[in-house]
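Results of the structural survey
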Amino acid sequence: MKQPALTPMSLTAILGRIANEWETRGRIFDLPSARIWQPDPDIDLSVTFAGRPAATPIGPAAGPHTQLAQNIVIAWLGGARIFELKTVQVLDDLDIARPCIDAQTIGYNIEWSQELSVPESIDEYVKAWMIIEILKRWEPLSGHLGTDTGPHIFDMSVGYDLAGIRSPKVASFIETLKDASERIDVLRPQIPEPFTAFQDFEFPTRIADTVTLSTMHGCPPDEIDSIARHLTDDHDLDVVVKLNPTLLGFDAVDSLLHETLGYDDISLSQRTFDDDLQFDRAVGLITDLRSHADSMGRSFGVKLTNTLEVNNVRGWMPEDRMYMSGAPLHVLACSILDRLVTVLPGAFDLPGQGGTSPVTFSAGVTRSNVVDTVAMGVAPVTMSTDLLKTGGYGRLKPMLKALTAAVVASGASTLQEWRDASYRDAVEAGHRDWLQQHVANITGEGIGPYTMEGNAKLPRRVDAKLQMWGCTACNLCVTVCPNGAFMKLPSPSGLADEIGGRWQYLVVVDLCNECGNCMTFCPEEGDPAQIKPKLYLDESRFDNAPGQAFHLVRSGSDVSVTAADGWDDQLGTLVEVLAGDQGLPIRGIDL
Ligand SMILES: Cc1cc2nc3c(=O)[nH]c(=O)nc-3n(C[C@H](O)[C@H](O)[C@H](O)COP(=O)(O)O)c2cc1C
Ligand code: SF4
Ligand code: SF4
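Keep in mind that this is a model prediction, so the values were computed, not measured.

What counts, and at which threshold
Residues numbered from 1 in each chain as written. Chains lettered and ligands numbered in written order. Predicted model: local features only at pLDDT ≥ 70, side-chain atom pairs only at ≥ 80, totals over all residues. Heavy atoms only, no water. Buried < 20%, exposed > 50% of the residue type's maximum accessible area, 1.4 Å probe, protein only. Helix = DSSP H or I, 4+ residues; strand = E, 2+ residues; numbered from the N terminus. Contact = heavy atoms within 4.5 Å. 1 Å grid on protein atoms, 1.4 Å probe; cavity = no way out; pocket = protein on both sides within 12 Å on 5 of 7 lines; lining within 4 Å. Points joined across faces, edges and corners; volume = space filled by probe spheres on them. Nonpolar A, V, L, I, M, F, W, Y, C, P; charged D, E, K, R; others polar. Polar contact = N/O pair within 3.5 Å; in protein donor to acceptor, adjacent residues only side chain to side chain. Domains from an automatic or database assignment. Phe/Tyr/Trp six-rings, centres within 6.5 Å; stacked < 30°, edge-to-face > 60°. Lys NZ or Arg CZ within 6 Å of the ring centre and 35° of its normal. Buried area = accessible area lost by both parts, 1.4 Å probe. Salt bridge = Lys/Arg side-chain N within 4 Å of Asp/Glu carboxyl O. Near = heavy atom within 4 Å. Axes fitted to C-alpha atoms, helices over the stretch in contact; angles between N-to-C directions. Parallel < 35°, antiparallel > 145°, perpendicular 65-115°, else oblique. Left-handed = near helix turned anticlockwise from the far one by under 90°. Pairing = 2+ DSSP bridges. Sits in = over half its atoms within 2 Å of the grid points. Patch = residues over 30% accessible without salt bridge, like charges linked within 9 Å, V, L, I, M, F, W, Y side chains within 5 Å. Areas by Shrake-Rupley, 256 points an atom, 1.4 Å probe, with all protein chains shown as cover.

1. A word on helix 6 (residues 168-178)
Looking at helix 6, one finds that the buried residues are V170, A171, F173, I174, T176, L177 and K178. Looking at the buried residues of helix 6, the elements they touch are helix 3 (118-136), strand 9 (153-158), helix 5 (162-166), helix 7 (181-187) and helix 8 (221-233).

Put into structure tokens, the structure is as follows:
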């Protein structure tokens, strides 16, 4: 039997885990309370996206951090206020090869789109939406979130062809997120203690009414126009088209990546560029779609950029092609935006342009360049690769602190005032705008962090073979997992010496899609997702599990554990760890 890649947790289980973890150790899905974003009440970091307000300009890009409900919730706790939901498409039973993420230097992946069925994706987004509304008002968190968490935006992402997007499956996805009242009512009764008062809460029902069209994976250029019109006309959505870095053309990308940035290990294929949207066609498309959206009373914008398709010469992931993200993509995306602004003056909603089309951005944004990126005027600024690195969702708060510090240092009190001041400074320095100044910087004096040399450092290694119990206890598997699949529990005092170390690490297999990211970062030799105790909540998955596996079964308020054949000798230790000082961080398991 084919194992499902992911088995989402029920609303009951997620909220139960949140309450338990918070009560027992002040964490939520292992995000420590110190990494929860609390805004400075005197500094307004808000932006608008297609006319809608968001309390901060940053969030996770469509990808591994916006697929499961808890991912979105953890990002929100970290300060994200705009979420580009994982792309949904009609082919929702794809078999994605593993491992599919390699983020040890820059980023590469072979992930396609959602690994859940479309109805499952709907429920993940609705659950995340409901949990955020609950946590906003949950008294125990109020001292950490501040008095006003501010508005947030869920932006849908769909792909990859017109027929698929028109299909009843994808159409129903879009319409359900526009009015989720029915799904919310189905999920309400699942809200457990201590949140049951929220069963009667009036959740806002319009979860999303903007969409980003992902044009990767064979979305033919001529179809982009029809899809954007369909989304505007038939679904009444504000639309953003996510452009690909191929727009810059083979020669320019080849020269930037290889000569300017020194990535002699990136292999391009001319065919990728030939098959994709060409720059001149894109300019025509943007012009037409802007005026069409305008005539329909809607907005049309662009997103820079999706990943770059390259030849898989690394061999760590399967498949011939892979998709590059991270530092070098930042240079490509900014260069494309600079060209677009030059040829379409007055089109975009950017400082000095005075246009109406939003520009959203995801390409190699990190704590080091988030200030310069947001200063360009793009919003939202979303990221995937950076959140896959050590610290995971905990990396969002330092970005917001850096933005707050930049606003304060300029003497402004709002992000908008600071951006306007940055624009004026750039003009005074002889540039068209901050965007142009930033491009000059990242291809000139400030090129270092974008080069191959600047990204050559590999994760730390130690000379040790990973075992089920005990390890370096660096916590990396916990923080780099986009799905919150790893958890850490203290070793029971009587057992610490025997099994090694103060902390033990366990993986909830239902949430693990074997993406490989924890294996890349674990300093010991071996795959944590396979070697650490594998806990199954879903019985049929447990029954079909090959090798090491433990099943958590709930009976009343008790949780019991069974072991797969041959693993009984580990059961005693596992039960002691799960029943240790800080307890099992899962309760209300809905089997
Ligand atoms: C593992 C992974 C999966 C992704 N999945 C999607 C997707 O489903 N849809 C999409 O439009 N972009 C997807 N992306 C692209 C990101 O949304 C983002 O645009 C790109 O990675 C560049 O940002 P970054 O440099 O911060 O990673 C994915 C990226 C990664 C790394
Ligand atoms: S546990 Fe590891 S392999 Fe599994 S989803 Fe998380 S990072 Fe990926
Ligand atoms: S399993 Fe590996 S990554 Fe996880 S805590 Fe242990 S040593 Fe660190």
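There's more to say after this.
2. Some words on empty space enclosed by the protein
By the definition in use, this model includes four cavities of 30 Å³ or more. What the largest cavity holds in volume is close to 480 Å³. Around the largest cavity sit 37 residues that line it, and A62, N109, N306, T307 and S384 are the ones nearest its centre. No other element matches the three residues that strand 8 (residues 107-109) contributes to the lining of the largest cavity. When its residues are assigned to classes, the lining of the largest cavity shows 15 nonpolar, 17 polar and five charged. For the lining of the second largest cavity, a count of residues per class yields 10 nonpolar, two polar and two charged.

3. Digging into the side chain of N517
In this fold, N517 is placed in helix 19 (residues 517-521). Judged by relative accessible area, N517 falls into the buried class, the value being 0%. Of note is the side chain of N517, whose polar atom sits 2.9 Å from the backbone oxygen of L388. Residues within four places of N517 in sequence aside, it is in contact with I101, A103, L388 and V480.

4. Side note on the layout of surface pockets
Taken as a whole, the largest pocket encloses approximately 720 Å³ of empty space. If you go around the largest pocket, you meet 33 residues; those closest to its centre are T366, D386, K389, R395 and N455. Tallied by class, residues from the lining of the largest pocket come to 12 nonpolar, 14 polar and seven charged. In this structure, the lining of the largest pocket is formed jointly by two domains, domain 1 (11-22 + 61-455) and domain 2 (476-578), each of which donates at least three residues.

5. What about the packing of aromatic side chains?
One pass over the full model with this rule turns up eight aromatic pairs. Plain terms: the ring middles of F83 and F154 are 5.3 Å apart, the flat faces sit at 65° to each other, and that makes the pair edge-to-face. Residue F83 is located in strand 6 (residues 82-84), and its partner F154 is located in strand 9; the two are separated by 71 residues in the primary sequence. Each member of the pair F83 and F154 is classed as buried. Grouping aromatic residues by their ring pairs yields a cluster made of F83, W129 and F154. Across from the ring centre of F279, 3.8 Å away, lies the NZ or CZ of R339, which sits over that ring. A cation over an aromatic ring shows up here: K488 above the ring of W503, its NZ or CZ 4.2 Å from the ring centre.

6. Regarding the domain arrangement of the chain
Examined at the domain level, the chain breaks down into domain 1 (11-22 + 61-455) and domain 2 (476-578). Domain 1 and domain 2 are separated by 32 Å when their C-alpha centres are compared. Taken together, both faces of the contact between domain 1 and domain 2 bury some 1,500 Å²; the carbon and sulfur share is 55%. On the domain 1 side of the contact with domain 2, R17, L388 and T390 bury the most area, a combined 27% of that side's loss. Summed over the shared surface of domain 1 and domain 2, the result is zero salt bridges. Scanning the region where domain 1 abuts domain 2 turns up 10 residue pairs in polar contact (both at pLDDT 80 or more).

7. Topic: the site of ligand 2
Looking at ligand 2, there are 13 residues lining it, with C481, C512, N513, C515 and C518 nearest. Among the residues forming the shell around ligand 2, the class breakdown is eight nonpolar, four polar and one charged.

8. Observations regarding the packing of helix 11 (residues 279-295) against helix 12 (residues 327-343)
The N-to-C vectors of helix 11 and helix 12 enclose an angle of 60°; their axes lie 11 Å apart at closest approach. The angle between helix 11 and helix 12 places the two elements in the oblique class. You can see that helix 11 and helix 12 cross each other, and the crossing is right-handed. Residue-level contacts link F279, V283 and I286 of helix 11 to R339, L340 and V343 of helix 12.

9. What about the pairing of strand 13 (residues 308-311)?
On strand 13, burial covers both faces: L308 and V310 on one face and E309 and N311 on the other are all buried. Pairing of strand 13 with strand 14 (residues 321-325), which is carried by four bridges, proceeds in the antiparallel orientation. Bridge pairing in strand 14 places N311 opposite R321.

10. Structural notes on the site of ligand 3
In the vicinity of ligand 3, the residues found are L466, C471, T472, A473, C474, N475, C477, Y505, C522, P523 and K532. Among the cavities detected, the one that contains ligand 3 is the second largest cavity. Class assignment for the residues of the shell around ligand 3 results in eight nonpolar, two polar and one charged.

11. Quick word on the pattern of salt bridges
Scanning the model with the defined rule gives 30 salt bridges in all. Linking E21 and R17 is a salt bridge whose minimum nitrogen-to-oxygen distance equals 2.8 Å. Separated by four residues within a single helix, E21 and R17 lie in helix 1 (residues 11-25), roughly one turn from each other. Of the residues examined, E21 reaches a relative accessible area of 0% and is grouped as buried. When its relative accessible area of 0% is taken as the criterion, R17 is described as buried. Note that D222 is salt-bridged to R281, the shortest N-O span being 3.4 Å. With D222 in helix 8 and R281 in helix 11, this pair connects stretches of sequence that are 59 residues apart.

12. Topic: helix 2 (residues 69-78)
The element helix 2 is largely enclosed, with a buried count of 10 among its 10 residues. When we look at burial in helix 2, the residues that qualify are A69, Q70, N71, I72, V73, I74, A75, W76, L77 and G78.

13. Topic: a nonpolar patch on the surface
A contiguous nonpolar surface patch, about 240 Å² in accessible area, is contributed by L91, L94 and W112. Looking at where W112 falls in the secondary structure, it is placed in the loop between strand 8 and helix 3.

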